Amino acid sequence: MTLLFAGVRDRIAKGRLVVRCGRALIAVALAALLLPFYLHVANTQNGVNDDLQKNDQGAYMSFSVRAYQTNFSYTGGRNRMPLFPFLQALFYSPDLEEEAFFEQGKMLNVGLSILCLMVLSLAFSFKFSKLFALYAILVIAFLVFAFKAPYFQAEILFYTLFGLAFILSVESLSAPTWLKSLGVGALFALAHLTKASAMPALLMYLSSFALMVISRVVRGKSGGRAAGMLCLQALSTVLIFLLLLFPYLQESKERYGSHFYNVNTTFYVWYDSWEEAKAGTRAAGDRRGWPDLPDEEIPSLGKYLREHSTEQIIDRFRSGALRLINFGCNLHRSKHRFGYCSQVGLNLIIITCSLALIAARGHLRRASQNFHTISFVALFHVIYALSFAWYVPLTGNGPRTILSLMIPFLWTLGILAHSDALDSSRISILRWRPRATTVVYSVMLLTLLYEIYQVIDYRAFAMYGGE
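Along each chain, numbering runs from 1 in the same order as the chain's sequence is written. Local features in this predicted model are restricted to residues of pLDDT 70 or higher, and side-chain atom pairs are both shown and tallied only at a pLDDT of 80 or more, whereas totals for entire chains, interfaces and linings draw on every residue. Hydrogens are left out, water is left out, and the side-chain values use all remaining heavy atoms of the structure.

> Could you clarify how one ought to interpret the overall build of the chain in this entry?
Put simply, DSSP H or I for four residues or longer makes a helix, DSSP E for two residues or longer makes a strand, and each gets a number counted from the N terminus. Helix and strand counts for the chain come out as 19 helices and zero strands. Within the span of the chain, comprising 467 residues, buried residues form 46% of the whole. Contact definition: two residues touch when any of their heavy atoms are within 4.5 Å. Taking all contacts inside the chain whose residues are at least 6 apart in sequence as the whole, residues at least 24 apart take part in 75%. Split by element, the accessible area of the chain, about 22900 Å² in all, is 66% carbon and sulfur. Burial classes follow relative accessibility: with a 1.4 Å probe on protein chains only, a residue under 20% of its type's maximum area counts as buried, one over 50% as exposed, and anything between as partly exposed. Per-residue and other accessible areas were derived by the Shrake-Rupley procedure at a 1.4 Å probe size, with only the shown protein chains allowed to occlude residues.

Now the structure itself:
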């Protein structure tokens, strides 16, 4: 009898191994099939991107060269962050002409984008169904990364680090561990070293973590010792974040008078246009040290609120939001259309229907127990979307900022799509009763294939993806 059960267990184990190997082979086959199309789009965009001085590329190149020449002691003028230029500097050689370094940097970024897609594929496949993971990675690859890869810009690296920091934050808030807490701090530190936009997300995470600890204590799920351990985990997040950033922060304090000094977030965000910023703190030497201006002329939130009406503030948000929407939603033959509008719009409808179904099936009480996670996710998307809309009129750039929300948005969508309320929903098709989400995302894949066709057929040749 024991031998019989052992044989059954062996056969089951072998069956599972075969299934897993089969899934792995399918994943490899899909990657092999899609990679040539991705490289085709990236190569086509490489030809479109022929001006190394356009959209900060020349500035990033100069930063990389100077970092190489100073043995990485040069950390920038507190406008662009050092991680991406340092990475490019590792492959720089004084023998390279400017154009050759430009081409090499673009190709390096294409390779980096493939590596980032592999990491994201693992994350989505581990957490969600293979169908949804395929959908999410195709959106990221063809509607975001393929257009951003062949550029000497930090966006690909930032999108990935920022997205992974969000993913691990959500997972940590759902089931905190020491390793996750340390990982959150490390990822937010690396994201901040790529672009100075990660601090608000870290503060939101810590606030939500504190809310989780308080909620557990109030509900009696954590005693004093357990709550203390959670507080220490949160402290470890802060410590690893500060430890990784310490040399950079200390230099900022010594040269500029503030640990988190950055010309964009300290000054430029409170100007109405780039012309104002150039004539203001930039002309006063804000990249060499604290600008040489009277205190009353230094831009700040208080100064902005005193000098602008409520109507002007609302209009700035509106004009920025319209510009971001326009880049995703205008006519399909426009050279400025990234193609994300249809996918985001349809998914917002799905999110609305999902929330309504969750409420109708009485799952709100269970969801309320994870209020801290829900509040983090909601605040993260709302605050960053508003801040990006606010910043657009200043720079005149396209969706470089808002696209950093694509990975967090798709991860949030995946959590909703795989919730208990939706997972149990079935659709009857003759004698077949598949999950509702399987049918929905099969249809979504078809709409996405249309967008990818537009990318390959037209947009890759006409669009400039560096905006």
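Anyway, onward from the coordinates.
> What's the story with the pattern of salt bridges in this structure? I'm lost.
If the charged atoms of two oppositely charged side chains come close together, the side chains can form a pair. Between Lys or Arg on one side and Asp or Glu on the other, a salt bridge is scored when a side-chain nitrogen of the former is within 4 Å of a carboxyl oxygen of the latter. As enumerated under the stated definition, the model contains 13 salt bridges in all. In this structure, Arg255 engages Glu251 in a salt bridge whose closest nitrogen and oxygen atoms are separated by 3.2 Å. In this pair, Arg255 and Glu251 are both assigned in helix 9 (residues 224-256), four residues apart and thus about one turn of the helix distant. Judged by its relative accessible area of 36%, Arg255 is partly exposed. Linked through salt bridges whose partners overlap, the residues forming this network are Asp56, Arg80, Glu155, Lys195 and Arg400.

> Any chance you could explain unusual backbone geometry here in plain terms?
Keep in mind that most residues, glycine aside, have a negative phi and that most peptide bonds are trans. One non-glycine residue, Asn71, adopts positive backbone phi at about 55°. One can find Asn71 in the loop between helix 2 (57-69) and helix 3 (83-89). Although it is not a glycine, Arg78 adopts a positive phi angle of roughly 60°. For Arg78, the location among the structural elements is in the loop between helix 2 and helix 3.

> Help me out: how do you make sense of the environment of Gly257 in this one?
By the secondary structure assignment, Gly257 is in the loop between helix 9 and helix 10 (263-266). The class of Gly257 is partly exposed, set by a relative accessible area of 48%.

> Even after reading the chapter, I still don't get the environment of Pro176, so can you show me in this structure?
Checked against the element boundaries, Pro176 lands in the loop between helix 6 (155-174) and helix 7 (178-194). In this structure the C-alpha to C-alpha distance between Pro176 and Ala234, which are 58 residues apart in sequence, comes to 9.5 Å. Among all residues touching Pro176, those that are not within four sequence positions of it are Phe209, Met212, Arg216, Leu230 and Gln233.

> Just checking my understanding: could you explain the packing of helix 4 (residues 98-127) against helix 17 (residues 406-417) for this structure?
When two helices pack together, their arrangement is given by the angle between the helix axes and by the axis-to-axis distance. Every axis corresponds to a line fitted to the C-alpha atoms, with the helix fit spanning only the stretch in contact, and the corresponding angles, defined between N-to-C directions, vary from 0 to 180 degrees. Direction vectors running N to C along helix 4 and helix 17 enclose 15°, while the axes themselves pass 11 Å from each other. In this view, helix 4 runs roughly parallel relative to helix 17, as classed from their interaxial angle. Remark: the crossing between helix 4 and helix 17 carries right-handed chirality. Residues Leu120, Ala123, Phe124 and Lys127 of helix 4 form the contact with helix 17, whose own contacting residues are Ile407, Leu410 and Trp411. Amino acids outside the nonpolar list (Ala, Val, Leu, Ile, Met, Phe, Trp, Tyr, Cys, Pro) and the charged list (Asp, Glu, Lys, Arg) are all regarded as polar, and Gly is one of them. Counted by class, the contact of helix 4 with helix 17 contains six nonpolar, no polar and one charged residues. If an angle is under 35 degrees, it is roughly parallel; if it is over 145, roughly antiparallel; if it lies from 65 to 115, roughly perpendicular; otherwise it is oblique. Take the far helix as your reference; a near helix turned counterclockwise from it by less than a right angle gives a left-handed crossing, and one turned clockwise gives a right-handed crossing.

> Any chance you could explain the nonpolar core here in plain terms?
Nonpolar side chains tend to gather and get buried jointly when the protein is soluble and globular. Buried Ala, Val, Leu, Ile, Met, Phe, Trp, Tyr and Cys residues that are joined via side-chain atoms within 4.5 Å together make up what is termed a nonpolar core. In terms of nonpolar packing, the biggest core is built from 104 residues, with Phe124, Tyr135, Ile140, Phe145, Phe376, Phe380 and Leu410 touching the most fellow members. With 15 residues, helix 5 (residues 130-148) is the single largest residue contributor to this core. The residues touching Tyr135, leaving out its near neighbours within four places in the chain, are Gln343, Asn347, Leu410, Tyr441, Met444, Leu445 and Leu448. In this structure, Phe267, Ala277, Ile313 and Leu394 belong to the second largest nonpolar core, which totals 14 residues.

> Explanation requested: the packing of aromatic side chains in the structure shown.
A ring pair, where both rings are aromatic, is described by two values, the distance of the centres and the angle of the planes. Stacked, tilted and edge-to-face are the three classes applied to pairs of Phe, Tyr and Trp rings, where Trp contributes its six-membered ring and a pair requires centres within 6.5 Å; stacked means planes under 30 degrees apart, edge-to-face means over 60, and tilted covers the rest. Counted under the stated rule, the structure contains 35 aromatic pairs. Taken together, a centroid distance of 6.2 Å and an interplanar angle of 80° make the contact between Tyr38 and Phe142 edge-to-face. Of this pair, Tyr38 sits in helix 1 (residues 2-48) while Phe142 sits in helix 5, and the two are 104 residues apart along the sequence. A relative accessible area of 3% places Phe142 in the buried class. Following the ring pairs from residue to residue traces out a cluster consisting of Phe158, Phe162, Phe166, Tyr205, Phe209, Phe376, Phe380, Tyr384 and Phe388.

> Help me understand the side chain of Thr194, please; the structure alone is not making it clear to me.
Take Thr194: it is sitting in helix 7. Under the relative-accessibility criterion, Thr194 is labelled buried at 1%.

> Looking at this structure, I do not really get the packing of helix 5 against helix 6. What am I missing?
Helix 6 packs onto helix 5 with a crossing angle of 140° between their chain directions and a minimal axis gap of 9 Å. Taken together, the axes of helix 5 and helix 6 lie oblique to each other. The residues of helix 6 that touch helix 5, namely those facing Val144, Phe145 and Lys148, are Ile156, Tyr159 and Thr160. Looking at side-chain class alone, the contact of helix 5 with helix 6 contains four nonpolar, one polar and one charged residues.

> Help me understand a negative patch on the surface in this model?
Within the patch definition used here, like charges are joined within 9 Å and nonpolar side chains (Val, Leu, Ile, Met, Phe, Trp, Tyr) within 5 Å, considering only residues with over 30% relative accessible area and no salt bridge. Positive charges are assigned to Lys and Arg, negative charges to Asp and Glu, while His and the chain termini are left out of the count. Charge placement uses NZ in Lys and CZ in Arg. For Asp and Glu, CG and CD serve respectively. Taken together, the side chains of Asp50, Asp51, Glu97, Glu98 and Glu99 present a region of like negative charge at the surface. For Asp51, the position within the fold is in the loop between helix 1 and helix 2. Take Asp51: its relative accessible area is 35%, and that puts it in the partly exposed class.

> Hey, could you run me through helix 11 (residues 274-282) in this one?
Every α-helix winds through 3.6 residues per turn, so residues three or four apart in the chain are directed the same way. Turning to helix 11, its buried residues number three or more, namely Ala277, Gly280 and Thr281. Burial along helix 11 is one-sided: seen end-on, the buried residues are contained in an arc of 80°. Residues of helix 11 that are exposed and point over 90 degrees away from its buried face: Glu275 and Ala279. The arc in question is traced by the directions running from the helix axis to the C-beta atoms.

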